[in-house]
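For reference, the chains in residue letters:
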Amino acid sequence: PYTEPSMEIFSYHEGLGKWVEIGNSGMFRPEMLLPMGLPEGVNCIGFGLSLERPTMIKYKIDNIRDLVGHKVNLEMVKRNPICRIDKSGTGEERRLQVLNRRWANIESKLSCIQKQMEVMGISTATAHGMAADSSDGNLMDVVIKVHPDKPPYSLQLLLNLLNKRFKVAASTHTHSSVKSAGSLVLSSDESRITADVKITLIYSNVTRPTMIVKNAQIQGEENIVRYLARILDSRGGGNLYESLDSKVVAQIDNILDRLTDASKHSVSTLIPGILTKSKYLAGNRVTIADILAYSLCKQAAVSNSSIKDWSKRVEDAIAKM
């Protein structure tokens, strides 16, 4: 009724099995423009796309009342990773957020200057040194995607250690590609604005655990554990990995590589066999080999007396670090 001529935009909704309107456009009728005080002869184009219906199509929602309105499931809204609003209740937090953005902008400009200097043949060794000195103060933001059937229990142990050395903001979400979350839920009271480390766990329809950090992807729970252990080692986090003797590190890497096969048969054969010879998988102290194996045993429901005793030792050792 507002435009003439008009054009409507449609998209196919697989759930409803029909085409639905998602947008419209056209030339405003002259009588619609008169109350606005526009001169006669002025033409005005109106157009727009809705947000609700494309969202319904993408996430296979067949009733708009499930998406907007008073009947919306608020738990679904809270757990959905599409949009997250972090409250900054105090003036101090808002000022810190502004400073963080300014600092990120400064770092970006410095990086461009450094590249220009390298092109001109000017040494940037000093700039590299400055970056290394300040790297520990940079915020780390990681997103970890896992399948609900394979909750990464290793993160639960590592999060306990990270919380003792960093300000950690952790949250858990469920992607629309899966029906429900896994049994592991990561959470914290720390604000994402003030956190040193931010970990977002998303249950999604992925074949292997995937961590996204600094626009790079790290595949496999064994490699995610390696990455987080390096962060911990930088703060004296229990000597779980590369800060140990080189022979022990080689032994840990060998076990992690063998645990890439996370099948129940592999886990139930490898781990009990090693534990008959030593207190932990890589000797007489807990390492990331134990942390990964602990997670895989829980995922595969591998449990006997030796596994139970060893799991308790791992939990106690982590708690004392």
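Provided above is the structure to which this section pertains.
Residues numbered from 1 in each chain as written. Predicted model: local features only at pLDDT ≥ 70, side-chain atom pairs only at ≥ 80, totals over all residues. Heavy atoms only, no water.

Enquirer: Sorry, what's going on with the sheet that holds strand β8 (residues 216-219) here?
Expert: In any sheet, the strands associate via hydrogen bonds between backbone groups, in a parallel or an antiparallel arrangement. Here five strands make up an open sheet; going across it, the order is β5-β6-β4-β7-β8 and the pairing mixed. Edge positions in the sheet fall to β5 (168-174) and β8, since each of these pairs with one other strand and no more. In this sheet, adjacent strand axes meet at a mean angle of 20 degrees when their direction is disregarded. In the packing of helix α6 (residues 153-165) onto the sheet, contacts are made with β4 (140-146), β5 and β6 (197-203), and the angle to β5 comes to roughly 155 degrees. Contacting β4, β7 (210-213) and β8, helix α7 (residues 221-233) runs over the sheet at an angle of about 115 degrees to β8. (Pairing = 2+ DSSP bridges. Helix = DSSP H or I, 4+ residues; strand = E, 2+ residues; numbered from the N terminus. Axes fitted to C-alpha atoms, helices over the stretch in contact; angles between N-to-C directions. Contact = heavy atoms within 4.5 Å.)

Enquirer: Can you help me understand the sheet that holds strand β2 (residues 18-28) in this one?
Expert: With respect to topology, three strands assemble into an open sheet ordered β1-β2-β3, the strand pairing being antiparallel. Of all the strands in the sheet, the pair left with one neighbour each is β1 (3-13) and β3 (45-49). Direction aside, the axes of adjacent strands within the sheet are offset by 20 degrees on average. Inspection of the sheet shows β1 paired to β2 by nine bridges, in the antiparallel sense. Looking across to β2, one finds that I9 is bridged to G23.

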